Amino acid sequence: MRTTRRIAVGLLAALPALGIATFAHTQTTSAQTIPANYPAGYPDIIAAAQKEGKLTVYTSTDGAQAKGLLDAFKKAYPGIEIDWNDLGTNNSYNRVISEAAAGQVTADLLWSSAMDLQINLVEKGLTAPIESPEATAIPEWAKYKGQAFGTSVEPAAIIYNKNLYPADAVPKSRADLIKVLQERKDALKGKVATFDPEKSGMGFLWSTNDATQTKTFWDLAKAFGATQGKTYSSSGQMREKVLSGEHTIAFNVIGSYALEWAKKSPAIGVAFQSDYTAAFARVVVMTKGAPHPNAARLFVDFMLSKAGQEAAAGSGMPSVRADTAAGSDNIESLKKVTGGNLQPIPLDGKLLEWLEPKKRSEFLAEWKKSIAN
């Protein structure tokens, strides 16, 4: 289980002994200019949010990456303390369900990369409507029943160690990836990594989406297994293994992370599969019975706004909007980076099919069988 981090917007100063970061901000007046298209009563929402004075978020996004967004929100709406809990995809989801069952809702928002799990919370009746004035700027594929919104667009990528893996052998398509794993099986034994679909909600989403969109997913799984590939529950773990040289290549890594890592480390190479580049969105939902509904509403509106999207994009979470400032990573710039075949995973009911217990169990059993070596 990942360590819970509590972050109050702005300072993000770590307390090493507890793994906690906190802040205090006493200013209570909004620094935000309300857009003309917002409801006439929006100042009342701001006032109510500042009276609540707190917002609790369960998330799979760590505080360091969220810092740009959090700092921008603090500047726009000072006086609201944010309890930021980095729990991962599965733990966030399970905690929301258990709290609802116990009648003790703690989280106001759940912001997660596990799109399917977020949709499932909506279908279980555990989320509340979010009537955001920013919704019209969000693509239709990134909205679900007015209760779930995609806030980013982040493609699947391949990362490799430039010092250990030949650039001319980097796969350019899924067919190339399968061929490389098969033809270089001995050289790559124990050197390949990907997400674990059983332990990671992100891994399950990537894998089931590939199984739906392609005819070669199980061929890839078998080729991966033949190399005695290793699975992990986070992109960060794969990065460390590739950087250290324990692995030389990893696929289905979160591409927005990968591009940032490549800027900081000359040893990291990044590639996208030009035949089909899946992309997920970090999805936000508000819990039914949220303790701080006005603060939650305020934060979601800011997340979806142009300013909020630009702040998040600056921390490696490309904007789902197409109208962000020049130089800000967004869905349009990613289409170019990924070779023109970016295919965002839509927020729709099809995501739920793989969560049906029997189908999920059968998928994971087939996965384990395919990668057995």
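Residue numbers run consecutively from 1 along every chain, following the written order of its sequence. For a predicted model such as this one, the threshold for reporting local features is a pLDDT of at least 70, and the threshold for listing and counting side-chain atom pairs is 80 or more; totals across whole chains, interfaces and linings nevertheless cover every residue. Side-chain measures here rest on the full set of heavy atoms in the structure, leaving out hydrogens and waters.

Colleague: I'm lost on the environment of Ile 97 in this one. Help?
Modeller: By secondary structure assignment, the location of Ile 97 is in helix α3 (residues 89–102). For the pair Ile 97 and Leu 126, spaced 29 residues apart in sequence, the C-alpha to C-alpha distance is 7.7 Å. When checking whether two residues touch, look at their non-hydrogen atoms; a contact exists if any pair is within 4.5 Å. In contact with Ile 97, other than residues within four places in its own chain, are Leu 121, Lys 124 and Leu 126. Every helix listed is a DSSP run of H or I at least four residues long, and every strand listed is a run of E at least two residues long, numbered separately from the N terminus.

Colleague: Looking at this model, I keep getting lost on the pattern of salt bridges. Mind explaining?
Modeller: Opposite charge on two side chains allows them to pair when their charged atoms are near. Basic side-chain nitrogens of Lys or Arg form a salt bridge, by our definition, when they fall within 4 Å of a carboxyl oxygen of Asp or Glu. Enumeration according to the criterion identifies 16 salt bridges in this entry. Between Arg 321 and Glu 134 there is a salt bridge whose closest N-O contact spans 2.9 Å. Taken together, the residues Arg 321 in the loop between α11 (306–313) and α12 (331–337) and Glu 134 in the loop between β6 (127–128) and β7 (143–144) connect sequence positions 187 residues apart. No difference in accessibility class separates Arg 321 from Glu 134, as the two residues are buried. For Lys 359, the salt bridge is made with Glu 353, and the minimal N-O distance between the two is 4.0 Å. Think of it in three bands: with a 1.4 Å probe and only protein chains considered, a residue is buried below 20% of the maximum accessible area for its type, exposed above 50%, and partly exposed in between. The exposure class assigned to Glu 353 is partly exposed, which follows from its relative accessible area of 43%.

Colleague: How should unusual backbone geometry be read in this particular structure?
Modeller: For residues that are not glycine, phi is negative in most cases, and the peptide bond is trans in most cases. Backbone geometry places Lys 145, a non-glycine residue, at a positive phi of 55°. Among the structural elements, Lys 145 can be located in the loop between β7 and β8 (148–150). For Lys 145, a relative accessible area of 58% puts it in the exposed group. Of note, the phi angle at Gln 228 is positive, near 60°, even though the residue is not glycine. Locating Gln 228 in the fold gives a position in the loop between α7 (217–226) and β11 (230–232).

Colleague: Can you help me understand the packing of aromatic side chains in this one?
Modeller: The relative placement of two aromatic rings is captured by the distance of their centres and the angle of their planes. Aromatic contacts are taken between Phe, Tyr and Trp rings whose centres are within 6.5 Å, Trp giving its six-membered ring; a plane angle under 30 degrees counts as stacked, one over 60 as edge-to-face, and the others as tilted. Tallying each qualifying case throughout the model produces 17 aromatic pairs. Summarising the aromatic geometry, the rings of Tyr 38 and Tyr 42 are spaced 4.7 Å apart at their centres and angled 75° between planes, so their arrangement reads as edge-to-face. The residues Tyr 38 and Tyr 42 share a single accessibility class, namely buried. Considering the side-chain rings of Phe 224 and Trp 367, the 6.2 Å spacing of their centres and the 25° angle between planes classify their relative orientation as stacked.

Colleague: Can you help me understand the packing of helix α2 (residues 63–76) against helix α10 (residues 293–304) in this one?
Modeller: How two helices sit against one another is set out by the angle between their axes and by the gap between those axes. Every axis in this analysis is a line fitted to C-alpha atoms, fitted for helices over the stretch in contact. Angles between the N-to-C directions lie between 0 and 180 degrees. With their axes 11 Å apart at the nearest point, α2 and α10 run at an angle of 115° to one another. Where α2 crosses over α10, the two elements pack in a sense that is right-handed. Of α10, the residues touching α2 (which contributes Leu 69, Leu 70, Ala 72, Phe 73 and Ala 76) are Leu 298, Phe 299, Phe 302 and Met 303. When residues are grouped by polarity, Ala, Val, Leu, Ile, Met, Phe, Trp, Tyr, Cys and Pro land in nonpolar, Asp, Glu, Lys and Arg in charged, and all others, Gly among them, in polar. Of the residues in the contact of α2 with α10, the class split is nine nonpolar, no polar and no charged. Handedness of a helix crossing follows the sense of rotation of the near helix relative to the far helix, less than a right angle counterclockwise being left-handed and clockwise being right-handed.

Colleague: What is the right way to look at α3 in this model?
Modeller: Helical periodicity: at 3.6 residues per turn, an α-helix aligns residues three or four positions apart in one direction. By this rule, a helix spans an expected 1.5 Å times one less than how many residues it contains. With 14 residues, α3 extends 20 Å from end C-alpha to end C-alpha; this agrees with the ideal 20 Å at 1.5 Å per step. Listed as buried for α3 are Thr 89, Ser 92, Tyr 93, Val 96 and Glu 99. The arc that holds every buried residue of α3, seen down its axis, measures 135°, which confines them to one face. Buried residues in α3 make contact with β3 (54–59), β5 (109–112), α4 (115–123), α6 (201–213) and β15 (283–287). What the arc describes is the spread of directions from the helix axis to the C-beta atoms.

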